[in-house]
Amino acid sequence: MTDAPAGFGDLTPELMLDALEHAGLRPDGRLLQLNSYENRVLMAHLEEGPAVVAKFYRPGRWSDAQILEEHAFARDLAQAEVPVVAPLPLDGAGGTLGHFAGHRFAVTPRQGGRAPELEDPEVLAWIGRFLARLHDVGQSEPFRARLAWNSASPAREARDWLRAHDTLPPELSTNWHDAAARCIDAIDAAFDRLPDRRALRLHGDCHPGNILWTPDRGPHFVDLDDAVQGPAVQDLWMLLSGEPDAARRQLHALLDGYESVREFDWRELRLIEALRTQRMIHHSAWLARRWDDPAFPAAFPWFGTPNYWSDQVVKLRDQLDAMQMRED
């Protein structure tokens, strides 16, 4: 991952329409911006046929090779009839990644749906079955260019970036960096205790907002922008919520569905708190990296305040205790 300014200042509606026309589509001028902080995503109506969704990638975040691996994974999943929204081939692009006026973009079919009801065990089992099928495809070959979540490296890189850019308030910097350092050691230790774990191509960001549900077809997955190489449990734990007893019931419903299709290595459950901690550190750095994008201060006004960092110190210390409990 590389640092870059927001990079969307010249991405006007006119430029986006021109990019779509350059790719062989015929937009009728109607654009609707969709929710996305990382990229610029919009629904475009066409003169003929159904509307499509266009994603303009944040400049500097991924290399072309990393984006094309995301697209290849989506294509592999679609060919295996795993319900995922895969990018369309574009005229003049020689594939699915378009280039126009310094911007890169992809276009997918528009598919509707609503948030899944994760309190329903049958819904969770259905999602578990589809995740197992996704992982069956994911094990067929590895990512070579995309990130790997097989150690504390993402958390370490995030911590180092925050330190190098002097992001924290001076009065909290020592406490946060001390807690982060101890967490990083604990994350590495958690992975080291499973030296023979299997790494797969994963969705990587499988939270409820990236699963759309239709009553007749069940779930389908969207947004492989954060696809990574890592343990299967990475695609499970973000679907768990609530008190510990409720989260355990949700996990067992997911795994009931998952294991009806594919075997799950139950030892990976020991990694959940390590992965949660890594995401917390990574998320803080992600917000800091994006602070020059006007969308971020507007959406996350609480970030960067002393209260935010003080709360993060407490949460990281709590995660140390949680990781120790997993070890015991």
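Cut-off values and rules
Residues numbered from 1 in each chain as written. Predicted model: local features only at pLDDT ≥ 70, side-chain atom pairs only at ≥ 80, totals over all residues. Heavy atoms only, no water. Buried < 20%, exposed > 50% of the residue type's maximum accessible area, 1.4 Å probe, protein only. Helix = DSSP H or I, 4+ residues; strand = E, 2+ residues; numbered from the N terminus. Pairing = 2+ DSSP bridges. Core = buried A, V, L, I, M, F, W, Y, C linked by side-chain atoms within 4.5 Å. Contact = heavy atoms within 4.5 Å. Phe/Tyr/Trp six-rings, centres within 6.5 Å; stacked < 30°, edge-to-face > 60°. Axes fitted to C-alpha atoms, helices over the stretch in contact; angles between N-to-C directions. Parallel < 35°, antiparallel > 145°, perpendicular 65-115°, else oblique. Left-handed = near helix turned anticlockwise from the far one by under 90°. 1 Å grid on protein atoms, 1.4 Å probe; cavity = no way out; pocket = protein on both sides within 12 Å on 5 of 7 lines; lining within 4 Å. Points joined across faces, edges and corners; volume = space filled by probe spheres on them. Polar contact = N/O pair within 3.5 Å; in protein donor to acceptor, adjacent residues only side chain to side chain.

Q: Sorry, what's going on with the pairing of strand β3 (residues 52-56) here?
A: Of all five residues in β3, five are buried, a share of seventy percent or more. A two-sided burial pattern is seen for β3, the buried positions comprising Val-52, Ala-54 and Phe-56 on one face and Val-53 and Lys-55 on the other. Here strand β2 (residues 40-46) pairs with β3 via five bridges, running antiparallel. Each residue of the ladder has a partner; that of Ala-44, found in β3, is Val-52. As defined by bridge partners, β3 adjoins strand β5 (residues 103-109) across five bridges and the pair is classed as antiparallel. What sits directly across from Lys-55, in β5, is Ala-106.

Q: Sorry if this is basic, but what is going on with unusual backbone geometry here?
A: Trans peptide bonds make up most of the peptide bonds, and negative phi angles are found at most residues other than glycine. With phi around 65 degrees, Glu-81 is a residue other than glycine that occupies positive phi space. In this structure, Glu-81 sits in the loop between α2 (64-79) and β4 (98-100). Even without being glycine, Asp-223 reaches a positive phi, approximately 65 degrees. In this fold, Asp-223 is placed in the loop between β8 (218-221) and β9 (228-230). What makes Asp-223 partly exposed here is its relative accessible area of 35%.

Q: In this structure, what is going on with the nonpolar core? I would like to understand it.
A: Within soluble globular proteins, side chains that are nonpolar generally end up buried alongside one another. One finds Trp-176 and Ile-281 to be the most contacted residues of the largest nonpolar core, which totals 77 residues. Sort the elements by how many residues they give to this core and helix α5 (residues 170-192) lands first, with ten residues. Excluding its chain neighbours within four sequence positions, the residues that come into contact with Ile-281 are Ala-155, Ala-158, Arg-159, Trp-176, Ala-180, Cys-183, Ile-184 and Leu-316. Counting 17 residues, the second-largest nonpolar core is a separate cluster that includes Leu-20, Leu-42, Val-52 and Phe-56.

Q: How should I be thinking about the packing of aromatic side chains in this particular structure?
A: Any two aromatic rings considered together are summarised by their centre-to-centre distance and by the angle between their planes. The final tally for this structure, using the stated rule, is 17 aromatic pairs. Between Trp-286 and Phe-296, the ring centres sit 5.1 Å apart and the planes meet at 75 degrees, which makes this aromatic pair edge-to-face. Taken as a pair, Trp-286 in helix α7 (residues 272-289) and Phe-296 in helix α8 (residues 295-299) lie far apart in primary sequence, ten residues in all. Under the relative-accessibility criterion, Phe-296 is labelled buried at 0%. Each ring, one from Phe-296 and one from Phe-300, has its centre 5.7 Å from the other, and the planes form 40 degrees; the classification is tilted.

Q: Before we go on, may I ask you to explain the packing of helix α3 (residues 121-138) against helix α6 (residues 244-259) in this structure?
A: Helix packing geometry: the angle between the two helix axes and the distance between the axes. Two elements in contact, α3 and α6, have axes whose closest approach is 6 Å; the angle formed by their N-to-C orientations is 50 degrees. Between α3 and α6, the angle falls in the class oblique. The hand of the α3/α6 crossing is right-handed. For the pair α3 and α6, contact is made by Pro-121, Leu-124, Ala-125, Ile-127, Gly-128, Arg-129, Leu-131, Ala-132 and His-135 and by Gln-250, Ala-253, Leu-254, Gly-257 and Tyr-258, respectively.

Q: Honestly, helix α1 (residues 13-22) in this entry has me stumped. Any pointers?
A: Every α-helix winds through 3.6 residues per turn, so residues three or four apart in the chain are directed the same way. Every buried residue of α1 is accounted for by Leu-15, Met-16, Leu-17, Ala-19 and Leu-20. Against β1 (27-34), β2, β3, β4 and β5 lie the buried residues of α1. Positive phi shows up at Gly-24, right after α1, with a value of about 95 degrees.

Q: Help me understand the sheet that holds β5, please; the structure alone is not making it clear to me.
A: The strands making up a sheet associate through hydrogen bonds between their backbones, and the pairing can be parallel or antiparallel. Spatially, β1-β2-β3-β5-β4 is the arrangement adopted by the five strands of the open sheet, whose pairing is antiparallel. Where the open sheet ends on each side, the last strands, each with one partner, are β1 and β4. Averaged over all neighbouring strand pairs, the angle between strand axes comes to 35 degrees, with direction disregarded. Docked against the sheet, α1 engages β1, β2, β3, β4 and β5, running at close to 120 degrees with respect to β1.

Q: How do you make sense of the layout of surface pockets when you look at a structure like this?
A: Unoccupied space between atoms shows up once a probe the size of one water molecule is rolled over them. Volume-wise, the largest pocket comes out at about 1400 Å³. Every residue lining the largest pocket is counted, 50 residues in all, and those nearest its centre are Asn-35, Ser-36, Asp-205, Asn-210 and Asp-223.

Q: In this structure, what is going on with the environment of Glu-263? I would like to understand it.
A: With respect to the helices, strands and loops of the structure, Glu-263 is situated in the loop between α6 and α7. A C-alpha to C-alpha distance of 20 Å links Glu-263 and Val-228, two positions 35 residues apart in sequence.

Q: Explanation requested: the side chain of Glu-70 in the structure shown.
A: Assignment of secondary structure puts Glu-70 in helix α2. Within the structure, the side chain of Glu-70 is placed 3.3 Å from the side chain of Lys-55, a separation counted as a polar contact. Discounting residues that sit within four places of it in the chain, Glu-70 has contacts with Lys-55, Tyr-57, Arg-146, Leu-224 and Asp-225.

Everything listed here is a matter of geometry and, on its own, says nothing about what the molecule does.
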